[in-house]
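# Observations on the three-dimensional arrangement
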Amino acid sequence: PRAPRARRLSAIKQIYRFAFEEGLREDNPAVQIAGPGREKRLPKTLSVEQVDRLLDAAAIHGRTEADRARNACLMQVLYATGMRVTELVSLPVSAARGDPRMLLIRGKGGKERMVPLSPPAREALATWLSARDAAASEAHIATGAVPSPFLFPSHGKAGHLTRHAFYMLIKEFALEAGVPPSEVTPHTLRHAFATHLLANGADLRAIQTLLGHADVAPTEIYTHVLEERLRDLVMDHHPMAKD
């Protein structure tokens, strides 16, 4: 396996680097040893039908109408934008005001990007925002509580829904939707977003921008989808492929 070999090589290189820097050796032969390289793993993803079932399950999951509105909003926005889970749960409520067609996301390293919202995501966002604001207004009148700056507020230390809490929620949605929970995480929804866009004709560079990748290399794990699409294109339309 590549991973154990890479770890052993790393240990060897550190020993030789230490010996060279301490003057115990006059050279460092380990610098010439090439590593085994990283294995490209295809990301786990979900079919369009599975995602539809998860979205439907989220909309009916929760004890109160507000809970159900929040759950529907979380899933619709996640699938519409392909956001990282941290970006989603920490979204400022200001980003959702005014029925936006685009969301401004602050990603890794503080870099900002704009992502479009689908009509179902905009509708779910408006419904949740109305329920959230009503609850915040009631709390302010009753206890003087200051309204939260987050779209998905929480009473916890972070002030917003945590990654772990959403991770557990999405497992519950999976159970309700009849999708194996082991196959469903917030990150698989991000992969589904990218995979489904590519399968329907989106450009790899556009996917890179929407996912917030600094360069195209991480996005290239989706090229298998692109290759399959191109193969189908040739088989369906090339005159020599008719037979």
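Located above this text is the structure these notes cover.
Attention here is on the structure that accompanies the text. Please read these numbers as outputs of a predicted model, since none were measured by experiment. (Residues numbered from 1 in each chain as written. Predicted model: local features only at pLDDT ≥ 70, side-chain atom pairs only at ≥ 80, totals over all residues. Heavy atoms only, no water.)

Taking every second residue as pointing to the same face, the buried face of strand 1 (residues 102–106) carries L103 and I105, while none of M102, L104 and R106 on the other face is buried. In this structure, strand 1 lies alongside strand 2 (residues 112–116), joined through five bridges in antiparallel fashion. Looking at strand 2, one finds that I105 is bridged to R113. Between the end of strand 1 and the start of strand 2, which pair antiparallel, lie five residues, with G109 showing a positive phi angle near 70°. (Buried < 20%, exposed > 50% of the residue type's maximum accessible area, 1.4 Å probe, protein only. Helix = DSSP H or I, 4+ residues; strand = E, 2+ residues; numbered from the N terminus. Pairing = 2+ DSSP bridges.)

This paragraph deals with the pattern of salt bridges. According to the stated counting rule, one finds eight salt bridges in the structure shown. With a closest N to O distance of 2.6 Å, E87 and R84 form a salt bridge. Residue classification places R84 among the buried positions, given a relative accessible area of 15%. Residues R132 and D133 are paired through a salt bridge, measuring 2.8 Å at the closest nitrogen-oxygen approach. (Salt bridge = Lys/Arg side-chain N within 4 Å of Asp/Glu carboxyl O.)

Turning our eyes to something else, we now look at the nonpolar core. Membership of the largest hydrophobic core comes to 51 residues, with the highest contact counts inside it found for L54, M75, L88, L151, F166 and L189. Of all elements in the fold, only helix 2 (48–60), helix 3 (65–81), helix 4 (85–89), strand 1, helix 5 (119–143), helix 6 (163–177), helix 7 (186–199) and helix 8 (204–211) reach the threshold of two or more residues within this core. Examining the composition of this core, we find that seven residues originate from one element, helix 3, more than from any other. (Core = buried A, V, L, I, M, F, W, Y, C linked by side-chain atoms within 4.5 Å.)

Moving on to the side chain of Q50. Checked against the element boundaries, Q50 lands in helix 2. With residues near it in sequence (within four places) discarded, Q50 still touches V179 and E183. (Contact = heavy atoms within 4.5 Å.)

The next thing to look at is the packing of helix 2 against helix 7. Each pair of packed helices gets described by two things: the angle between the helix axes and the distance between those axes. The interhelical angle for the contact between helix 2 and helix 7, taken along N-to-C directions, is 135°, at an axis separation of 11 Å. The angle between helix 2 and helix 7 places the two elements in the oblique class. The element helix 2 and its partner helix 7 pack so that their crossing is left-handed. Contacts between helix 2 and helix 7 involve V48, V51 and L54 from the former and L189, A192 and H196 from the latter. Each residue belonging to the contact of helix 2 with helix 7 can be placed in one class, and the counts come to five nonpolar, one polar and no charged. (Axes fitted to C-alpha atoms, helices over the stretch in contact; angles between N-to-C directions. Parallel < 35°, antiparallel > 145°, perpendicular 65-115°, else oblique. Left-handed = near helix turned anticlockwise from the far one by under 90°. Nonpolar A, V, L, I, M, F, W, Y, C, P; charged D, E, K, R; others polar.)

Checked against the element boundaries, S154 lands in the loop between helix 5 and helix 6. Accessibility expressed as a relative area gives 31% for S154, which makes it partly exposed. S154 has contacts with G159, H160 and L161, leaving out every residue within four places of it along the chain. At 3.1 Å, the side chain of S154 and the backbone nitrogen of G156 are in polar contact. (Polar contact = N/O pair within 3.5 Å; in protein donor to acceptor, adjacent residues only side chain to side chain.)

Next up on the list: the packing of helix 3 against helix 5. One way to put it is that helix 3 packs onto helix 5 with a least axis distance of 8 Å and a crossing angle of 145°. The chirality of how helix 3 crosses helix 5 is left-handed. Across the interface between the two elements, A66, A69, R70, A72, C73, Q76, V77 and A80 of helix 3 pack against P120, A121, A124, L125, T127, W128 and A131 of helix 5. Counted by class, the contact of helix 3 with helix 5 contains 12 nonpolar, two polar and one charged residues.

The next thing to look at is unusual backbone geometry. Of note, D99 is a non-glycine position whose phi angle comes to about 50°, a positive value. Here D99 shows up in the loop between helix 4 and strand 1. D99 gets classed as partly exposed once you look at its relative accessible area, which sits at 45%.

Moving on, we get to helix 5. If you check helix 5, its first and last C-alpha atoms are 36 Å apart, about what 25 residues at 1.5 Å a residue would give, namely 36 Å. Taken as a whole, helix 5 has its buried residues at A121, R122, A124, L125, W128, L129 and R132. Here the buried face of helix 5 lies against helix 3. Remark: G144 follows helix 5 within two positions and exhibits a positive phi of approximately 80°. (Expected span 1.5 Å × (residues − 1).)

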